[in-house]
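Coordinate analysis (summary)
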Amino acid sequence: MGLLIYLLFCAFLITNTYVWAHAENVLNGKDNQATGCGPDECQQLRDRLEIVEAAIRSLVTVLASQKNEQSVTINSMIVSDPALRAILSPPNVHFPANNVTLASGEVADTQGKNAVHYFKGGVKCSLAHLVDVNYSATGNITATLAKNNSLQIEWTLISTDCIKFSSGVWIRIFDEESNQHQSYSAKTYLEIPNKCLKRRANASFSIVLLPPSVKASLPRKPNSCHFKLPDALIRCLAYTVEVVPNYQSLMGRPLLTRIVIPPEEGKKVTTLLEFQAFSHSDSLSLKWQDNSGCAPQMSSIILKSFPDNGQSVSNTNSSVKIPRSCLQNDDGKQNDHLFSLTLSSQQTCPVGWKRLDACRSYRVDLTSEYSEVWTSGTSSLEIFTTQHGMFPDNPFVWYCETSTFYCNSSDSENHHTCWGNRYICSEDTDIDCDLGIRMNCDKRCAKGFRCGLQCISTEQVCDGKYDCFDGSDEHYDCDYARHCNQLTESSGHFSSLIRTPGVPVKQQHFLSAVQKTIVSIAVQANHTVWLSFHKFNTLTEHFLNVYDGPYSTSPLLMSYSGSIKPLSFRSSSNTLYVEFPSYYYNQSYGVDVFYTSMPSTGTPFIPGCGGYVYDNGEVFSPDFFDDLVGDCVWFVEARQNGDAIFLKRNYTISTNQPKITVRDGWSSSGKVLYDEQDSSQRRMVVHSITRKLTVRFRPPTVIAYRTYFYWNVTSVSTTECEQNLVGLSGTIKSLNYPALYPNSSDCRWAIFTPPDTKIRLFFPTVETEEGFDYVYVYDGPTTSSRLLLEKSGLASALFTVTSSTNEMLVRFTSDELISFPGFLAIYSIV
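Residues numbered from 1 in each chain as written. Predicted model: local features only at pLDDT ≥ 70, side-chain atom pairs only at ≥ 80, totals over all residues. Heavy atoms only, no water.

**Some remarks on the layout of surface pockets**
Of the voids in this model, the largest pocket is the one considered here, and its volume is about 670 Å³. Around the largest pocket, the lining comprises 27 residues; the ones closest to its centre are Thr 601, Asp 631, Cys 632, Val 633 and Arg 696. When contributions to the lining of the largest pocket are tallied by element, the ones reaching two or more residues are strand S26 (527-537), strand S31 (590-599), strand S34 (632-637), strand S36 (659-664) and strand S39 (692-698). In terms of residue class, the lining of the largest pocket is built from twelve nonpolar, ten polar and five charged. (1 Å grid on protein atoms, 1.4 Å probe; cavity = no way out; pocket = protein on both sides within 12 Å on 5 of 7 lines; lining within 4 Å. Points joined across faces, edges and corners; volume = space filled by probe spheres on them. Helix = DSSP H or I, 4+ residues; strand = E, 2+ residues; numbered from the N terminus. Nonpolar A, V, L, I, M, F, W, Y, C, P; charged D, E, K, R; others polar.)

**What about the sheet that holds strand S35 (residues 644-649)?**
In a beta sheet, neighbouring strands are held together by backbone hydrogen bonds and run either parallel or antiparallel to one another. Pairing is antiparallel across the open sheet formed by four strands, whose spatial order is S33-S40-S35-S38. Looking at which strands have only one partner, the edges of the open sheet turn out to be strand S33 (617-620) and strand S38 (685-687). Taking the axes of each pair of neighbouring strands and ignoring which way they run, one obtains an average angle of 25° across the sheet. (Pairing = 2+ DSSP bridges. Axes fitted to C-alpha atoms, helices over the stretch in contact; angles between N-to-C directions.)

**Some points on the environment of Trp 288**
Locating Trp 288 in the fold gives a position in strand S11 (residues 283-290). Sequence spacing of Trp 288 and Phe 339 is 51 residues, and the spatial spacing of their C-alpha atoms is 5.5 Å.

**Overview of the state of the cysteines**
Per the counting criterion, the structure on display carries ten disulfides. The disulfide bridge from Cys 425 ends at Cys 441, spanning 2.0 Å between sulfur atoms. Across the S-S bond linking Cys 425 and Cys 441, the dihedral sits near -90°, which makes this disulfide left-handed. With a gap of 16 residues between them, Cys 425 in the loop between strand S20 (417-420) and strand S21 (449-451) and Cys 441 in the loop between S20 and S21 connect regions that are remote in the sequence. According to the relative accessible area criterion, Cys 441 is partly exposed, its value standing at 26%. Between the sulfur of Cys 445 and that of Cys 455 lies a disulfide, 2.1 Å long from S to S. As the torsion about the S-S bond is roughly 75°, the Cys 445-Cys 455 disulfide counts as right-handed. Of this pair, Cys 445 sits in the loop between S20 and S21 while Cys 455 is found in strand S22 (residues 454-456), placing the two residues ten residues apart along the sequence. (Disulfide = S-S within 2.5 Å. Buried < 20%, exposed > 50% of the residue type's maximum accessible area, 1.4 Å probe, protein only.)

**Here we look at the side chain of Lys 648**
Within the secondary structure, Lys 648 is located in strand S35. Reaching out from Lys 648, the side chain makes a polar contact with the side chain of Asp 815 at a distance of 3.3 Å. At 3.2 Å, the side chain of Lys 648 forms a polar contact with the side chain of Glu 816. Residues contacting Lys 648, with those up to four places away along its chain left out, are Met 684, Val 685, Tyr 710, Trp 711, Asn 712, Phe 772, Asp 815, Glu 816 and Leu 817. (Polar contact = N/O pair within 3.5 Å; in protein donor to acceptor, adjacent residues only side chain to side chain. Contact = heavy atoms within 4.5 Å.)

**Structural notes on the pattern of salt bridges**
Counted under the stated rule, the structure contains 18 salt bridges. The partner of Arg 360 in a salt bridge is Asp 357, with the nearest N and O atoms 2.7 Å apart. Overall, the relative accessible area of 33% leaves Asp 357 in the partly exposed class. Three or more residues are tied together by salt bridges with common partners; here these are Asp 308, Asp 357 and Arg 360. (Salt bridge = Lys/Arg side-chain N within 4 Å of Asp/Glu carboxyl O.)

**Observations concerning the pairing of strand S45 (residues 774-779)**
With six of its six residues buried, S45 lies for the most part within the structure. Going residue by residue along S45, you find Tyr 774, Tyr 776 and Tyr 778 tucked away on one face and Val 775, Val 777 and Asp 779 tucked away on the opposite face as well. Relative to strand S48 (residues 807-813), S45 is paired through five bridges, and the arrangement is antiparallel. Bridge assignment links Tyr 776 to a residue of S48, and that residue is Arg 811. Pairing geometry for S45 and strand S46 (residues 786-791), over five bridges, is antiparallel. Paired with Val 775 across the bridge in S46 is Lys 791. Here S45 hands over to S46 after six residues, with Gly 780 in that stretch at a positive phi of 160°.

**Quick look at the pairing of S36**
Consecutive side chains along a regular strand alternate between the two faces of the sheet. As defined by bridge partners, S36 adjoins S39 across six bridges and the pair is classed as antiparallel. Within S39, the residue paired with Lys 659 across the bridge is Arg 698. For S36 and strand S37 (residues 672-675), the ladder comprises three bridges, and the chain directions are antiparallel. Bridging across to S37, Val 662 finds its partner in Tyr 674.

**Some thoughts on the nonpolar core**
By size, the foremost hydrophobic cluster in this structure holds 33 residues, and its most contacted members are Leu 151, Ile 153, Trp 155, Ile 171, Ile 173, Ile 192 and Leu 209. Looking at this core, the elements that each hand over two or more residues are strand S1 (140-145), strand S2 (151-156), strand S3 (168-175), strand S4 (190-193), strand S6 (204-209), strand S7 (238-247) and strand S9 (255-260). With four residues, S7 is the largest single contributor of residues to this core. Sequence-distant contacts of Ile 192, defined by excluding residues within four places in its chain, comprise Gly 168, Val 169, Ile 171, Leu 197, Ile 207, Leu 209 and Phe 227. (Core = buried A, V, L, I, M, F, W, Y, C linked by side-chain atoms within 4.5 Å.)

**Details of the packing of aromatic side chains**
On inspection of all chains with the given rule, the structure shows 27 aromatic pairs. Between the aromatic rings of Trp 749 and Phe 823, the centroid separation amounts to 5.7 Å while the plane-to-plane angle is 85°, which identifies the pairing as edge-to-face. Taken together, the residues span a long stretch of sequence, with Trp 749 in strand S43 (residues 746-752) and Phe 823 in strand S49 (residues 822-829) at a distance of 74 residues. Look at Trp 749 and you get buried, because its relative accessible area is 3%. Phe 823 gets classed as buried once you look at its relative accessible area, which sits at 0%. One aromatic cluster is present, built from ring pairs that chain together Trp 530, Phe 569, Phe 605, Tyr 612, Phe 635 and Trp 666. Sitting above the plane of the Phe 306 ring, Arg 363 keeps its charged end 4.1 Å from the centroid. (Phe/Tyr/Trp six-rings, centres within 6.5 Å; stacked < 30°, edge-to-face > 60°. Lys NZ or Arg CZ within 6 Å of the ring centre and 35° of its normal.)

**Structural notes on the confidence of the model for the chain**
Interpreting fine coordinate detail is not advised for predicted regions of low pLDDT. In the predicted model, the chain carries a mean pLDDT of 79, and the fraction of residues at 70 or more is 75%. Segment residues 180-186 is flagged for pLDDT under 50; beyond a separation of four residues in sequence, or across chains, it makes nine contacts in the model. (pLDDT = per-residue confidence, 0-100.)

Below, the structure written as structure tokens:
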């Protein structure tokens, strides 16, 4: 068969090479038997040449697909034969200049020559890509969808030498999934002439195909250059755009590109709804919603995880591509855009998922891929890999007294018994324990882990199972035993957990039954985190560690153990990572910590220069001899809403003291309650109006010697003696009057009389500790109302106070030391 094709091709080329050359001579008027051809003869000749060209093209196409020695021989012949090279090589035709004037006979002759050159060039350009004959494929094509849903196509021809022979293009757009097997019929193409193409300086062409929905204002003329897409392009589908050069009605090599119609602009493509990671079980689960409208075309998702929310440049992310076959479509046909995924160490999904670290923050990015071509916008979610600390197997190591060990034996007589440590690794005993009393008894223990008289391999340490009789191989720092969670509120509280391993524990082991607890704090951006220690008591070997950042790889801010409460600490960013011990059985040990967030100032934190105090404690001035110390601000907060803060000064005012200002609330514009520079506002005690106070220490003008100044902080409840009084008249008196009033009190009486009346308050007697216990009267129902009276000490005369409305508040405060009879007041309407 190959030999027959070869012989036919050779005979055909020999015959038609002569026909081609003779036809060119006739068209050019160079044949000895003719001086040219008339219009009809020339047209007939051109028709025959088209038939010849079509036959040559068909044969060359067949031979080009052959991969044998005969096809190599034919190609060699085509390359070496000058006549065939002239037909199939890129043309180099020169046309007369436009300003040359020709006679009428010359015009017909020139037109005939030009027709031959154009036709010959068209044949060459349409066939040049089939055989490697001086051919340089430089063509490329792009297609983009505009906002008005029109399609813009731009391309360059395969050979720039063929531009002059192009009479236009054919364009076809088809859906890859449904139309890829359609025949190449003329009806499937748009034929676009050269005049409708926009040519650019870089020898490229472009055209815009309008959407079929566009209506022209006038009927389309036959020669109009406005072309429409045959059909509307459907969102999310992939299309092939094909541009075929038109060389004098001969089809050149097609240019192909692919375009995927994206979803509507501005649509949230992917929304992560849930993300959970459980490190101790090596599992990860997430749920998301695909709102692109392209969910049926989704082929895969790309999942990336960034440790510490991507804050550290040294952290490398983990990226995995997950095929759609691994996804679950949660609600089936009713909700086909809701998906979920679970990855675990026992998964059947063929992806290389890397386990996330326990007790760590991550930023997870999810990107959907559609039709394996285009991707959606990325949806991100910040998560924390929580872990519930686990107890080791066989936790009976705490069941026995000190210097003994627990022996669980299948022997009924020795079942659940305690034996002295001297029997461990002893040959002089018949005790048989399930753990193996004579196992792991290497006395040298050169490469293992020493635990009492035993020696185990390092791989057995922290493996979740007790291999040592003293239990030291499963300890406080084992990763699986850590219990962790994350706090994201702007303020909150955390403390040591009170848990139980579920087995009896001797009192001697109470402090050995301890677990590491971890809290990650992440507040709003551009804020810092303050810590206030309400309770603190740990063993010296169990430390509270505070890291200035999202993980234990962040800088260590403080490491502390013992029974003395640490100073308040502040983060440099919006995250803190705190590790501390939780004791199972001894509640007198552990930590109790409150935190709050404040807007970041950008200044470095200096321990002792300001802080956060919750409920009770001290605020104090720093060491102003340190040149780095400027203003130091303390933020004080009462236990709950409705409580008040009581500050008591414990120093004598001097010329070397810092400038102290106390404001109600945490705003710099809060009401000034104390100002060291204003003698009228100097006092020994300060009571807040709300549950918050700000205390600012400014450096003194002259620092003559090193000294510190303290204020005691106490949270006082107001609910114990709070009353609402309604009526035309009544009596108010301090608790126990005329006996001594209680210490550390903050009592309030709100008076309400009928509308359009005023309240007159008459004080027959006032007797309090001067400078420490006060009576306040406000022109309204709250402590934020205008202050009418502030009285302390002994009243030398009777006096009255009148409101401007029908509402009034009376407040009485006392410190923690000395008491007096208090006050009596009678109210009536005016």
